[in-house]
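Overview (structure and organization)
Here is what each chain is made of, one letter per residue.
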2 protein chains.
Amino acid sequence: MSEAQFRNWQAIQAEVLRRIHARNWPPGHTIPNEVDLAQEFGCARATVNRALQSLADAGLLERRRKAGTRVALHPVGKATVTIPVIRQEIEDRGMTYAYRLITRDIATSPAPLGATGPGLHVTAVHHANDSPYVIEDRWINLTTVPDAAEQPFDQISANEWLVTTAPYTNGDISFAAEPATAQEAQLLNTAEGTPVFVIDRITWDHDQTITTVRLTYAPGYRIHTGIGTGAIAS
Amino acid sequence: MSEAQFRNWQAIQAEVLRRIHARNWPPGHTIPNEVDLAQEFGCARATVNRALQSLADAGLLERRRKAGTRVALHPVGKATVTIPVIRQEIEDRGMTYAYRLITRDIATSPAPLGATGPGLHVTAVHHANDSPYVIEDRWINLTTVPDAAEQPFDQISANEWLVTTAPYTNGDISFAAEPATAQEAQLLNTAEGTPVFVIDRITWDHDQTITTVRLTYAPGYRIHTGIGTGAIAS
DNA sequence: TAGTGGTCTAGACCACCTG
DNA sequence: AGGTGGTCTAGACCACTAG
């Protein structure tokens, strides 16, 4: 009791986790406030705050001013998916990267890009070990990224050019399974209707649309990542 | 300048972001250390630390002791995918939830569960508005979760029972697009070979396997989430 | 309105790492 | 060896919100 056993926020976090797992603090239970915990753990309140905030970020605790800190009823799992540059993703897997531009046109942007100004439409295929890896079907808003109009995108992909040129503040991303269209199947060297993994992404700089992209991966592609309290960052 | 314009860590974070976007601090650039920034912003170093750590978590900065803080060369995007309980996911979309147990057997666990002890194999279908929504094909490790053997899982799904009973510390998760097998197609009321979104998940309590599950979603399912510096938490 | 978490401060010590 | 980020402290004030 009131022993100064827990000197750093990670130790405190581990102890809190232990009590949750041991059902000392069951789901829905309101745990002691930060002042009391700080006294029990023999540390400053700021240290307790950091430990609890980290657990709240992980979804295991729900915190509200005045109401206190409760153990989440349904500990929502959270998986952080990293979205690397395609060339890096391929090279990190030890495969040889190649890039092939398919089409490049300037036309009126489709609805998602704001429906107003002109857009640059680029389609390309990224290869890994000479096999098609992913199709990049992209619209770039030429109103917000006018420099894109001068880029040929025949050597450097729009994917790679944009990350070092057009920073974004927000984005939406979605994952789905879809049947390959005839054109996609041809580019990916597979059969029409084959299940393919599709990522749709749109990014903004504040409220200005920058680009929308559909990435259609060759069959067999998987996204893999870790979850859980062991992966807590910050 | 040394003006005390930035009083809280979020304002500092915004200012740092502005300088990165404005190319004042281009990719690869080493930014001033925390002491200098604190003086410039007219605040305590801890406040600068919080702002920079938040940006480092978001992948925009790379920090190392002694080396300092650099702007990331390839600002890796990170999307946080939440993994809710299936019943909640359906009800949150305003649809009616229903659950149907298909099979329940005790047998020797397959390889992923440790290959040693007995396992409980449960397959079930979750419905939304009376349409099949997702197939849950699960193995539960009866060595680590013996209580599962006494659960019928005919009313409450294993998915829901486990989150409030068997906490995990770590997990792996992967997403893929696959063709529906004959059995999956039948349960999902679709055609064999139809592209379906599949989630494979395995969870451990430290190094003890708890459960593996394959979730096969009905055609049309999408995972959707946001990305970017606007979604920074903590 | 009072209790709780959110944050800031000024200072200090430490762990890590580069040069 | 020395500079940098990582963290802790003790105290303070503020913002939010439940009762």
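Keep in mind that what you see is a predicted model, and the values were worked out from it rather than measured. (Residues numbered from 1 in each chain as written. Chains lettered and ligands numbered in written order. Predicted model: local features only at pLDDT ≥ 70, side-chain atom pairs only at ≥ 80, totals over all residues. Heavy atoms only, no water.)

1. Focus: the protein's contact with DNA strand D
Stated formally: We call a residue near a given molecule or strand whenever any one of its heavy atoms falls within 4 Å of it. Throughout this description, a polar contact denotes any pair of N or O atoms lying within 3.5 Å of each other; where both atoms belong to protein, one of them has to be capable of donating a hydrogen while the other can accept it, and for residues adjacent in sequence the pair is counted only when both atoms sit in side chains. Numbered from the N terminus, helices here are DSSP runs of H or I no shorter than four residues, and strands are runs of E no shorter than two.
Around DNA strand D, a shell composed of 25 residues is seen, among which A:Asn8, A:Trp9, A:Thr47, B:Arg45 and B:Arg63 lie nearest. The contact atoms of DNA strand D, taken as those within 4 Å of the protein, divide so that sugar and phosphate hold 69%. Measuring from a phosphate oxygen of DNA strand D, one finds a backbone N or O atom of A:Trp9 at 2.4 Å. Between A:Ala44 and DNA strand D, the recorded distance is 2.7 Å, taken from a backbone N or O atom to a phosphate oxygen. Taken together, the elements giving at least two residues each to the surface near DNA strand D come down to helix H1 (9–21) and helix H3 (45–57) of chain A together with helix H3 (45–57), strand E2 (61–64) and strand E3 (68–71) of chain B. Residue contributions to the surface near DNA strand D peak at four residues, all from H3(A).

2. Comments concerning the packing of aromatic side chains
All names here are of chain B. We count it as follows: A pair of aromatic rings is counted whenever rings of Phe, Tyr or Trp (Trp by its six-membered ring) have centres within 6.5 Å, and the orientation is called stacked for planes under 30 degrees apart, edge-to-face for over 60 and tilted otherwise. Whether a residue is buried, partly exposed or exposed follows from its accessible area with a 1.4 Å probe, protein chains only, as a fraction of its type maximum: under 20%, in between, or over 50%, in that order.
In this structure the tally under the stated criterion is 14 aromatic pairs over all chains. Each ring, one from tyrosine 133 and one from tyrosine 221, has its centre 6.0 Å from the other, and the planes form 85 degrees; the classification is edge-to-face. You can see tyrosine 133 sitting in strand E7 (residues 131–141) and its partner tyrosine 221 sitting in the loop between strand E10 (208–217) and strand E11 (222–227), a full 88 residues away along the chain. Residue tyrosine 133 is classed as buried on the basis of its relative accessible area, which comes to 10%. Since its relative accessible area comes to 11%, tyrosine 221 is described here as buried. Where phenylalanine 153 meets tryptophan 161, the ring centres are 5.6 Å apart and the plane angle is 80 degrees; that geometry is what we call edge-to-face.

3. Considerations on the interface of chain B and chain A
Stated precisely, the cut-off is as follows: Contact criterion: two residues are considered in contact whenever any of their non-hydrogen atoms come within 4.5 Å of each other. By convention, the term buried area covers the 1.4 Å-probe accessible surface removed from two parts as they join, with the contributions of both added. For salt bridges, the criterion is a side-chain nitrogen of Lys or Arg within 4 Å of an Asp or Glu carboxyl oxygen. Gly counts as polar in this scheme, as do all residues outside two lists: the nonpolar Ala, Val, Leu, Ile, Met, Phe, Trp, Tyr, Cys and Pro, and the charged Asp, Glu, Lys and Arg. Should DSSP find at least two bridges between two strands, the strands are regarded as paired.
Chain B puts 54 residues into the contact, and the matching count from chain A is 54 residues. Interface area for chain B against chain A, summed over the two sides, is near 4,700 Å², with a carbon-plus-sulfur share of 55%. When the buried surface of chain B facing chain A is broken down by residue, B:His74, B:Arg222 and B:Ile227 rank first, second and third, together holding 13% of it. The tally of links between chain B and chain A comes to four salt bridges. Put simply, B:Asp200 and A:Arg222 hold a salt bridge, and the shortest N to O gap is 2.7 Å. At the junction of chain B and chain A, the tally comes to 22 residue pairs in polar contact (both at pLDDT 80 or more). Taken together, the elements giving at least two residues each to the side of chain B that touches chain A come down to H3, strand E4 (77–83), helix H4 (86–92), strand E8 (170–179), strand E9 (195–205) and E11 of chain B. Here the side of chain B that touches chain A takes ten residues from E8(B), the largest share from any one element. Considering only residue class, the side of chain B that touches chain A consists of 22 nonpolar, 22 polar and ten charged. When strand E8 (residues 170–179) of chain A meets E11(B), the two strands line up antiparallel, connected through six bridges.

4. Brief notes about the packing of helix H2 (residues 34–41) of chain B against H3(B)
Residues and elements named next belong to chain B. Just so we agree on the cut-off: To define axes, lines are fitted to C-alpha atoms, for helices over the stretch in contact only, and angles between the resulting N-to-C directions are given on a 0 to 180 degree scale. Each angle is binned into one of four classes, with values under 35 degrees roughly parallel, values over 145 roughly antiparallel, values of 65 to 115 roughly perpendicular, and all other values oblique.
At a closest axis distance of 8 Å, the pairing of H2 and H3 adopts a crossing angle of 110 degrees. Relative to H3, the element H2 is oriented roughly perpendicular. Every residue of H3 that contacts H2 at Glu34, Val35, Leu37, Ala38 and Phe41 is listed here: Arg45, Val48, Asn49 and Leu52. Broken down by class, the residue content of the contact of H2 with H3 amounts to six nonpolar, one polar and two charged.

5. Quick word on the relation of the copies chain B and chain A
Selection criterion: The atoms used to superpose the copies are C-alpha atoms, taken from residues with pLDDT of at least 70 in both, and the fit is least squares.
Superposition record for chain B on chain A: RMSD 0.1 Å, screw rotation 180 degrees, translation along axis 0.0 Å. In symmetry terms, the pair is related by a two-fold rotation axis. Here 100% of the contact residues of chain B are again contact residues in chain A; the copies associate through an equivalent surface.

6. Quick notes on the nonpolar core
Applied cut-off: We define the nonpolar core as a collection of buried residues of types Ala, Val, Leu, Ile, Met, Phe, Trp, Tyr and Cys that are connected through side-chain atoms lying within 4.5 Å of one another.
Of all hydrophobic cores here, the largest spans 68 residues; its most connected members are A:Phe153, A:Phe175, A:Phe197, B:Phe153, B:Phe175 and B:Phe197. Beyond its immediate sequence surroundings of up to four residues, A:Phe153 is in contact with A:Tyr99, A:Leu101, A:Arg104, A:Leu120, A:Val122, A:Ile140, A:Ala148, A:Ala158 and A:Trp161.

7. Section: the protein's contact with DNA strand C
Near DNA strand C lie 25 residues; those nearest to it are A:Arg45, A:Arg63, B:Asn8, B:Trp9 and B:Thr47. Sugar and phosphate atoms represent 69% of those atoms of DNA strand C found within 4 Å of the protein. Between DNA strand C and A:Gln53, the relevant distance is 3.4 Å, taken from a phosphate oxygen to a side-chain nitrogen or oxygen of the residue. Between DNA strand C and B:Trp9 there is a distance of 2.4 Å, counted from a phosphate oxygen to a backbone nitrogen or oxygen. For the surface near DNA strand C, the secondary-structure elements that each account for two or more residues are H3, strand E2 (61–64) and strand E3 (68–71) of chain A together with helix H1 (9–21) and H3 of chain B. With four residues, the top contributor of residues to the surface near DNA strand C is H3(B).

8. Things to note about the domain arrangement of chain A
The parts lose accessible area when they come together, and the size of an interface is often stated as this lost area. Selection rule: Note that the domain bounds reflect an automated or database-derived domain assignment.
Here the domain parsing of chain A yields domain 1 (9–71) and domain 2 (86–217). Here the C-alpha centroids of domain 1 of chain A and domain 2 of chain A sit 43 Å apart.

9. Quick look at the sheet that holds strand E1 (residues 30–31) of chain B
Residues and elements named next belong to chain B. With respect to topology, three strands assemble into an open sheet ordered E1-E3-E2, the strand pairing being antiparallel. Of all strands in the sheet, those with a lone pairing partner are E1 and E2, marking the two edges. Note that E1 and E3 share two bridges and pair antiparallel. Bridged to isoleucine 31 within E3 is threonine 69.

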